[in-house]
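Each chain is listed here by its residues.
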Amino acid sequence: MPAIIEIDHLSHVYAEGSPYKVEALKDITLSVEKGEFLGLFGPNGAGKSTLIQHLNGLIKPQKGSVTVCGIDASDAKLSRDLWKKAGLVFQYPEHQIFQTTVFDEVAYGPRNLKLPEAIVKERVYEALEQVGLTQENIAQLPPTTLSGGMRRRVAIAGMLAIQPEILILDEPMAGLDSAGRNLILDMIKKRQERNETTIMVSHSLKEIMTLTDKLAILDSGSLVFTGMVKDLLNQPEILAKYHLELPEYLQIVYQLAARGYEIKTDISSIQQAGEEIIKLKKRKAADRFA
């Protein structure tokens, strides 16, 4: 079965032939399987936004190919409908809200799909529930009366209501409090349980590493790492270079390993860390009484 996203030797240059030429992407090859959660990392200017805009047809491939849900992104006639398949939520999407009520904002996408109003209503309330906006009458409130974090959730709900096969989130947790961040992570976890595909651009490995199936790191337009979390954990030089902070439990595990204790470091959850530390304590106790 082919991957839901296939990127093959993709390159993209801005302002080609001018003094302002920028190689935004350089020979990127990457695939995402259906149901995977891909974490996309990299410093500012790495090419992350350019890459994800190829996935919903906003940017056409200049060199190489991009196939999303079986659609060739370079085909102008077909790629115009990629927004229905790959929904992209930009960073700070709350700044792009323009409808007069929460309901109409979330309903905008489904209405553009020409769905019956009864289906639109059903999708709106389902999407609002997914982002934790279940308060009575909130759908009829003007978005401008809500907090910034709640408007962010409204914007995400608007994309969820389209029910795209792939949800792409560009720094969705920037500026959110811990409750808002936890809600986004819970939403992603439920998408994984339903075998739905999610891509998230983030600067915080710490926040999503227990959920992500695959990581990709971009730097100056090049793909410098792709693989599972456990593969990255064995490359501390990459973690250090890109300031990818580890959770506290992993920091403890690495500190123990650095002191010469025999402990596994390729773990990705606090439960696994606890199990390894318990095993280490039992071995130390057995050695003491041997």
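See the structure above.
Residues numbered from 1 in each chain as written. Predicted model: local features only at pLDDT ≥ 70, side-chain atom pairs only at ≥ 80, totals over all residues. Heavy atoms only, no water.

1. Looking at the overall build of the protein
Part 1 of the argument: Tallying secondary structure elements over the protein gives 12 helices and 10 strands in all.
Part 2 of the argument: C-alpha atoms of the protein, sized along the principal axes, occupy 75 × 55 × 40 Å.
Part 3 of the argument: Expressed as a percentage of the 290 residues in the protein, the buried residues total 47%.
Part 4 of the argument: Here the analysis covers contacts within the protein between residues at least 6 apart in sequence; of these, 62% occur between residues at least 24 apart.
Part 5 of the argument: Carbon and sulfur atoms make up 51% of the accessible area of the protein, which totals about 14,900 Å².
Part 6 of the argument: In the protein, which carries 34 positive and 37 negative side-chain charges, the distance between the mean positions of the two groups comes to 2 Å. (Helix = DSSP H or I, 4+ residues; strand = E, 2+ residues; numbered from the N terminus. Buried < 20%, exposed > 50% of the residue type's maximum accessible area, 1.4 Å probe, protein only. Contact = heavy atoms within 4.5 Å. Areas by Shrake-Rupley, 256 points an atom, 1.4 Å probe, with all protein chains shown as cover. Lys, Arg positive; Asp, Glu negative; His and termini not counted. Charge placed at Lys NZ, Arg CZ, Asp CG, Glu CD.)

2. Regarding helix α11 (residues 248-258)
Part 1 of the argument: Those residues of α11 not exposed but buried are Y249, L250, V253 and L256. Buried residues of α11, viewed axially, fall in a sector of 120°; they line one side.
Part 2 of the argument: A positive backbone phi angle near 95° is found at G260, which sits one or two residues after α11. (Arc of directions from axis to C-beta.)

3. Some remarks on the layout of surface pockets
Part 1 of the argument: Empty space within the largest pocket amounts to approximately 550 Å³.
Part 2 of the argument: Every residue lining the largest pocket is counted, 23 residues in all, and those nearest its centre are L88, Q96, Y108, M159 and I162.
Part 3 of the argument: Looking at side-chain class alone, the lining of the largest pocket contains 14 nonpolar, 7 polar and 2 charged residues.
Part 4 of the argument: Space inside the second largest pocket adds up to approximately 200 Å³. (1 Å grid on protein atoms, 1.4 Å probe; cavity = no way out; pocket = protein on both sides within 12 Å on 5 of 7 lines; lining within 4 Å. Points joined across faces, edges and corners; volume = space filled by probe spheres on them. Nonpolar A, V, L, I, M, F, W, Y, C, P; charged D, E, K, R; others polar.)

4. Details of the environment of F41
Part 1 of the argument: Along the chain, F41 turns up in strand β3 (residues 37-41).
Part 2 of the argument: Placed 159 residues apart in sequence, F41 and M200 show a C-alpha to C-alpha distance of 8.6 Å.
Part 3 of the argument: When neighbours within four sequence positions are excluded, F41 is seen to be in contact with K48, S202, H203, S204, L205, I208, L215, A216, I217, L218 and L244.

5. A closer look at the side chain of S202
Part 1 of the argument: Topologically, S202 is positioned in the loop between β8 (197-201) and α8 (205-208).
Part 2 of the argument: Leaving out residues up to four positions away in the same chain, S202 has contacts with L40, F41 and E171.

6. Some thoughts on the sheet that holds β3
Part 1 of the argument: If you walk across this open sheet you meet the 6 strands as β6-β7-β8-β3-β9-β10, and the pairing is mixed. Strand pairing shows two members of the sheet lacking a second neighbour, β6 (86-89) and β10 (222-227), which therefore form its edges. Strand-to-strand twist across the sheet, computed as the mean angle between neighbouring axes with direction ignored, equals 15°.
Part 2 of the argument: For β3 and β8, the ladder comprises 4 bridges, and the chain directions are parallel. Paired with G39 across the strands is M200, a residue of β8.
Part 3 of the argument: Contacts from helix α7 (residues 178-193) reach β3, β7 (166-170) and β8, with the element oriented near 160° to β7. (Pairing = 2+ DSSP bridges. Axes fitted to C-alpha atoms, helices over the stretch in contact; angles between N-to-C directions.)

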